[in-house]
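# A look at the structure
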Amino acid sequence: MPNRFFMPNFTDLVNNAYESAYGNAYDLSLKKKYSKPKIYTAKGDLKKRWYVYFSYRDPQSGKLKMQTPFYGDANKYKTKEERLAALGIYSKVISKLLSEGYNPYEDNTERFYASEDGKEAVVNKEPIPEVKEETVKTVLPVEVPQATEEVKETEIGEGFIEALDFDLNLKKRLLRESSLRSYENHLSVFRRWVGENHPKLKYIAQLDKKVVLEFLNDVLDRTSARNYNNYRASLSSMMGTLESNDKVMNNFVKNIKKLKTDPKRNKTYSREEQEGIFQYLEDNDPLLLHFIKFVSYSFMRPIEVCRLKVGDLDLKNKTLSFKAKNSPLKTKIIPDILIDELPDLSSLKKKDSLFTPNGMGGVWDITPDQKRGYFTKRFKKVVKDEFGFDEDYGIYSFRHTFITKLYRQMSQKTNPHTAKGNLMLITGHTSMAALEKYLRDIDAELPSDYSEMLKN
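Bear in mind the structure is a predicted one, so any value in this text is a computation, not a measurement.

### Here we look at the sheet that holds strand β5 (residues 313-314)
Strands sit in the order β5-β6-β7 across an open sheet of three strands; the sheet is antiparallel. Of all strands in the sheet, those with a lone pairing partner are β5 and β7 (330-333), marking the two edges. Sheet analysis places strand β6 (residues 319-322) next to β7, joined by four bridges and oriented antiparallel. By the bridge assignment for β7, F322 is matched with K330.

As structure tokens, then:
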């Protein structure tokens, strides 16, 4: 006989019945172990890789973590329909395996690969069956997970800091010392900015175009368009590396447009200005003059001169080897006009730096960038205090000055095309187009006087 003092309502009855019948079989409080497999289609771009991806709950962190995407043979197909059909099949197969208990963090051998006698079976990987037209028609009407660029917070995968560290570790093996230092600084500034302005951004998949644009605009406000472009290039390189290693879906930074900038270039000295500086340095700083003559007579960049060791000079064969901007190692002749200026180097060690603050030859254990900075400051003091030149004039200006002088001398004796061909061998430009652009930039090629044509 029911207790008249206790009348349970309908909700209580359902809950009690559920716990009694199913409580041990299924616990609704448990979080889902995995996400539904989805298809990434690269916005329909068949030149990029398409794949199936899903997330599985990491047993250590307790969070859903994106797993390695599955490509299979889908990308061998050249039409969208065929590729979607193949990935649709893969998606259904992966869903079935997950529902049957597949766990990427465990050994699944006994569950899926064991033979009837209990021994591990040999599993042959069979290729996906050929996708024919009738297969496409059959598969496409079935619900196929749609590609998406948006990743939910429960599916965000690898950490933001870990992804940046992964990229930087790879770049340390690929970039030169000077490039790596700049790149590392850019990522450090970006990481700090994200921490201050978007503290909830913990995973790399949360990083989107809006956040990157906000950062780049902040760089633009604080500095310049040139820095904006430099940071954009570094972040695009980072995202490109992460995309190639399946850490992110796509590199959206490369689609952010560069800003137009006015290129800064060192101006060319007039003959009187160049001779005046040389005379002053001969009397007051002959070491700096030697440094500048390497730039002037061998047409090297200041950073390339800073890399020179004593052993890089072969005075017997009148050649020198150095690490150039556009090649790992380049060899040039040493013209007699420069050899005649050199002191006796025979007693110096080959590993010694060719230029040091105190003279030619010796130990100077700092980076080439730091050496360039030292000589740049040393020269600026001269041109600013003694000659009144502004920041548009520097050591690099001597390279422009003497290339201009050489080209104009050559073009008086032959046609411009031949003159440029001969000049390429001396300056080290890798193509005629590059040399012609350089000559235009420094105004080396000027027309003859056209006054008579204006009188008619």
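### Re the packing of helix α6 (residues 177-197) against helix α7 (residues 209-222)
Contact geometry for α6 and α7: axes closest at 11 Å, N-to-C directions at 110 degrees. Taken together, α6 and α7 sit at an angle that is classed as roughly perpendicular. Seen from above, α6 lies across α7 with right-handed handedness. Side by side, α6 and α7 meet where V189, F190 and W193 of the first sit next to V211, E214, F215 and D218 of the second. In the contact of α6 with α7, the residues fall into five nonpolar, no polar and two charged.

### Observations concerning the nonpolar core
One finds F294, L354, F355 and F379 to be the most contacted residues of the largest nonpolar core, which totals 50 residues. For this core, the element with the highest residue contribution is helix α10 (residues 286-298), accounting for eight residues. F379 has contacts with Y269, I277, L288, I292, G394, I395 and F398, leaving out every residue within four places of it along the chain. Of all hydrophobic cores here, the second largest spans 29 residues; its members include Y183, L201, L207 and M238.

### Side note on the packing of aromatic side chains
Two descriptors summarise a pair of aromatic rings, namely the distance from one centre to the other and the angle between the planes of the rings. Taken as a whole and judged by the stated rule, the model has 27 aromatic pairs. With a centroid separation of 5.6 Å and 40 degrees between ring planes, the pair formed by F278 and F398 is classed as tilted. Taken together, the residues span a long stretch of sequence, with F278 in helix α9 (residues 271-284) and F398 in helix α14 (residues 396-413) at a distance of 120 residues. Residue classification places F398 among the buried residues on the basis of a relative accessible area of 0%.

### So, the confidence of the model for the chain
Here the chain averages 80 in pLDDT, while 81% of its residues score no lower than 70. Predicted confidence for residues 1-7 stays below pLDDT 50, and this span has zero contacts to residues more than four positions away or in other chains. Contacts for the low-pLDDT stretch residues 17-29, under 50 throughout, to residues beyond four places or in other chains number three contacts.

### Points about the pairing of strand β9 (residues 359-362)
Here strand β8 (residues 353-356) pairs with β9 via three bridges, running antiparallel. Paired with S353 across the two strands is G362, which belongs to β9. Once β8 ends, the chain turns through two residues before running back antiparallel as β9.

Calculation notes
- For every chain, the first residue of its written sequence is number 1, and the numbers climb from 1 along that sequence.
- Where local features are concerned, this predicted model is filtered to residues with pLDDT of at least 70; where side-chain atom pairs are given and counted, the filter is 80 or more; whole-chain, interface and lining totals use all residues.
- Excluded from the side-chain calculations are hydrogens and water; all other atoms, namely the structure's heavy atoms, are used.
- Pairs of strands are assigned from DSSP output, requiring at least two bridges between the strands.
- By the criteria applied, helices consist of DSSP H or I runs no shorter than four residues and strands consist of E runs no shorter than two, each listed in order from the N terminus.
- To obtain each axis, a line is fitted to C-alpha atoms, and for helices this fit is confined to the stretch in contact; angles are then taken between N-to-C directions over 0 to 180 degrees.
- Convention used here: angles under 35 degrees read as roughly parallel, angles over 145 as roughly antiparallel, angles from 65 to 115 as roughly perpendicular, and any remaining angle as oblique.
- We call a crossing left-handed when the near helix sits turned anticlockwise from the far one by less than a right angle, and right-handed when that turn is clockwise.
- Any pair of residues with heavy atoms lying within 4.5 Å of one another is described as a contacting pair.
- Asp, Glu, Lys and Arg are counted as charged, while Ala, Val, Leu, Ile, Met, Phe, Trp, Tyr, Cys and Pro are counted as nonpolar; the rest, among them Gly, fall into the polar class.
- Definition of nonpolar core: a set of buried residues of the types Ala, Val, Leu, Ile, Met, Phe, Trp, Tyr and Cys, connected through side-chain atoms within 4.5 Å.
- Per-residue accessibility, obtained with a 1.4 Å probe over protein chains only, is compared with the maximum for each type, and a residue is labelled buried under 20%, exposed over 50%, and partly exposed between these values.
- Only rings of Phe, Tyr and Trp enter the pairing, Trp through its six-membered ring, and a pair is recorded when the two centres are within 6.5 Å. The plane angle decides the type: under 30 degrees is stacked, over 60 is edge-to-face, the rest tilted.
- Values of pLDDT, ranging from 0 to 100, describe the predictor's confidence in every residue of the model.

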